[in-house]
Amino acid sequence: MQQHDTQELRQQDSRHHLHPFTDTKELGDNSRIITRAEGIYIYDSEGNRILDAMAGLWCVNLGYGRQELVDAAQQQMQELPYYNNFFKTAHPPAIKLAKKLTELAPEHINHVFFTGSGSESNDTVVRMVRRYWQLKGQPEKTVIIGRRNGYHGSTVAGASLGGMAPMHEQGGPMLPDIEHIAQPYWFGEGREMDPQEFGLLAARSLEQKIKTLGVERVAAFIAEPVQGAGGVIIPPESYWPEIQRICDHYGILLIADEVICGFGRVGQWFGSQHFNIKPDLMPIAKGLSSGYLPIGGVLVGDRVADLLIEQGGEFYHGFTYSGHPACAAVALRNLELLEQEGVIDRVRDVTGPYFARQWATLASHPLVGEARSLGLLGALELVADKGTMARFAPGIGSQCRDNCFQSGIVMRSVGETMVVSPPLVITEAEIDQLVTLARRSLDLTARQLGIMD
Ligand SMILES: *Cc1c(COP(=O)(O)O)cnc(C)c1O
């Protein structure tokens, strides 16, 4: 095993490395250096073993250390490490992956456009949606409606579609003709109402927005089936059917951002299958390759693909790494393994329900106002008062997150919400361990606050 000089690495990191989504000054030379991983565990340069309850960044669905994926990359890199799919060429890994993906996708989806990431997928969505309406002879339909606190990536288009206020505040202006509506966040914004009524209300804010803008201007609605980065916000059951009804009624395109929910996270191949909706476009990435190599794409429904193909001529859009052969080979192998090992059925029938029961036990903790989950996505709402659900001062989430690392588990904090998204191969015994470590982190936080002794 390779030896690492932690101090030296930290100093160099601090001196030369601008981290994503990080206060570099605050971090200083304190970064935790992750050096290897196996199964659901990561190891740092000081030898600590940490249960990765976030599957990296919601992506390592098959877990770490899968030799089959390493072999797929190696074989492909020896045979054809790079070629593109521009200008009348193609290569076997991209073709095979396209076929496999469209077999797994709902019936009305038969094409995929490859990208290198989720953000690039959503950039592609913006251009494709606007191009679609241009070809339909309605070029004034340019507005895409997203949601407050939605996350669609970090490029200009991704950040604009997303509804993360702190992102919009930095380095604007954002893209024009993007609007945002309410999120279906019952615990945070609708607790005084019945959840199903609140779900309908949140969905109808889409209808309101369409009416305000004028339907002749509205091109599409984009949302994550379950908001991930916004805090694992699981919409009430009434929400998605009403959204589908509104999109159908006004004839606007529906985009389900499947970057997190895709590839088994909620116990189906795609989150939209769980919620029984029929999106025109599905951006994908993350779990597509279990994060082993960077690859994304947009699954394109027939309504859009047929028009683009039949009437669009050349689409002046694409990335050097669209369908990169090594990435595509790894993604294909990843999908085959998910299928052969029955990983997604297990999430639906076994580990998802088991996780739901164990995770729910955390609701009795003095700091927890709500414990919710769907498939292998979970969230805890930290509250100062379980009667009124009053929140702590900001900072409690990141304090709890630090305590997670201390306790040997990675959870993520989103404001006052703690979230998890473990590898889909997690066993029941490992789920027990996850919940025990989560509880230990909460206890540590409660003690620091003087709430427990
Ligand atoms: C992570 C994420 C993205 C962005 O993907 P990148 O690969 O980081 O560009 C887009 N949409 C959703 C829902 C995501 O979770």
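Residues numbered from 1 in each chain as written. Predicted model: local features only at pLDDT ≥ 70, side-chain atom pairs only at ≥ 80, totals over all residues. Heavy atoms only, no water.

Trainee: What should I look at first to understand the site of the ligand in this one?
Mentor: Lining the immediate surroundings of the ligand are Ser117, Gly118, Ser119, Asn122, Tyr151, His152, Gly153, Glu224, Asp257, Val259, Ile260 and Lys286. With respect to the ligand, the side chain of Asp257 contributes an N or O atom lying 2.8 Å from a nitrogen atom. Lys286 has a polar side-chain atom sitting 2.6 Å from an oxygen atom of the ligand. In isolation the ligand exposes 380 Å². Once the protein is present, 83% of that is buried. Classifying every residue of the shell around the ligand gives 3 nonpolar, 6 polar and 3 charged. (Near = heavy atom within 4 Å. Polar contact = N/O pair within 3.5 Å; in protein donor to acceptor, adjacent residues only side chain to side chain. Areas by Shrake-Rupley, 256 points an atom, 1.4 Å probe, with all protein chains shown as cover. Nonpolar A, V, L, I, M, F, W, Y, C, P; charged D, E, K, R; others polar.)

Trainee: I keep staring at unusual backbone geometry and nothing clicks. Help me out?
Mentor: Excluding glycine, residues mostly have negative phi values, and the peptide bonds linking residues are mostly trans. A cis amide bond links Gly172 with the next residue in sequence, Pro173, at an omega value of -5°. Within the fold, Pro173 resides in the loop between helix 8 (165-169) and strand 6 (178-181). Although it is not a glycine, Phe263 adopts a positive phi angle of roughly 65°. One non-glycine residue, Asn276, lies in the positive phi region at around 60°. (Helix = DSSP H or I, 4+ residues; strand = E, 2+ residues; numbered from the N terminus.)

Trainee: Before we go on, may I ask you to explain the packing of helix 10 (residues 195-213) against helix 11 (residues 239-250) in this structure?
Mentor: The geometry of a pair of packed helices is captured by two quantities: the angle between their axes and the separation between those axes. The interhelical angle for the contact between helix 10 and helix 11, taken along N-to-C directions, is 20°, at an axis separation of 8 Å. In terms of their interaxial angle, helix 10 and helix 11 are classed as roughly parallel. Where helix 10 crosses over helix 11, the handedness of that crossing is right-handed. Taking contact as the criterion, the partners of Gly199, Leu200, Ala202, Ala203, Arg204, Leu206, Glu207, Ile210 and Lys211 in helix 10 are, on helix 11, Tyr239, Glu242, Ile243, Arg245, Ile246, Cys247 and Tyr250. Of the residues assigned to the contact of helix 10 with helix 11, the class counts are 10 nonpolar, 1 polar and 5 charged. (Axes fitted to C-alpha atoms, helices over the stretch in contact; angles between N-to-C directions. Parallel < 35°, antiparallel > 145°, perpendicular 65-115°, else oblique. Left-handed = near helix turned anticlockwise from the far one by under 90°. Contact = heavy atoms within 4.5 Å.)

Trainee: What should I look at first to understand the sheet that holds strand 14 (residues 412-414) in this one?
Mentor: Strands in a sheet are paired, the pairing made by backbone hydrogen bonds, and the direction either parallel or antiparallel. With respect to topology, 4 strands assemble into an open sheet ordered 11-12-15-14, the strand pairing being antiparallel. Each edge of the open sheet carries a strand with a single partner, namely strand 11 (368-374) and strand 14. For this sheet the average axis-to-axis angle between neighbouring strands, irrespective of direction, equals 20°. Here 4 bridges tie strand 12 (residues 377-382) to strand 15 (residues 417-420), and the two strands are oriented antiparallel to one another. Bridge pairing links Gly378 to Val420 in strand 15. Contacting strand 11, strand 12 and strand 15, helix 15 (residues 343-360) crosses the sheet at an angle of about 180° to strand 11. (Pairing = 2+ DSSP bridges.)

Trainee: What should I look at first to understand the pattern of salt bridges in this one?
Mentor: Side chains carrying opposite charge are able to pair once their charged atoms draw close together. Considering all chains together, one arrives at 19 salt bridges under this definition. Glu68 is paired through a salt bridge with Arg66; the nearest N and O atoms lie 3.0 Å apart. On the basis of relative accessible area, Glu68 is assigned to the partly exposed category, the value being 28%. The residue Arg348 makes a salt bridge to Asp349 at a minimum N-O spacing of 2.9 Å. For Arg348, a relative accessible area of 40% puts it in the partly exposed group. Judged by its relative accessible area of 47%, Asp349 is partly exposed. (Salt bridge = Lys/Arg side-chain N within 4 Å of Asp/Glu carboxyl O. Buried < 20%, exposed > 50% of the residue type's maximum accessible area, 1.4 Å probe, protein only.)

Trainee: Even after reading the chapter, I still don't get the packing of aromatic side chains, so can you show me in this structure?
Mentor: Centre distance and the angle of the planes are the two values used to describe a pair of aromatic rings. For the structure shown, the criterion picks out 9 aromatic pairs. A centroid spacing of 5.4 Å and a plane angle of 80° characterise the contact between Phe86 and Phe87, whose relative ring orientation is edge-to-face. You can call Phe86 partly exposed: its relative accessible area is 29%. Assessed through its relative accessible area of 70%, Phe87 is described here as exposed. Aromatic pair Phe263 and Phe270: ring centres 5.4 Å apart, planes at 65°, arrangement edge-to-face. Classification of Phe263 as buried rests on a relative accessible area of 0%. What makes Phe270 buried here is its relative accessible area of 0%. One aromatic cluster is present, built from ring pairs that chain together Tyr82, Tyr83 and Tyr321. It is Lys141 that lies over the ring of Trp133; its NZ or CZ is 4.6 Å from the centre. (Phe/Tyr/Trp six-rings, centres within 6.5 Å; stacked < 30°, edge-to-face > 60°. Lys NZ or Arg CZ within 6 Å of the ring centre and 35° of its normal.)

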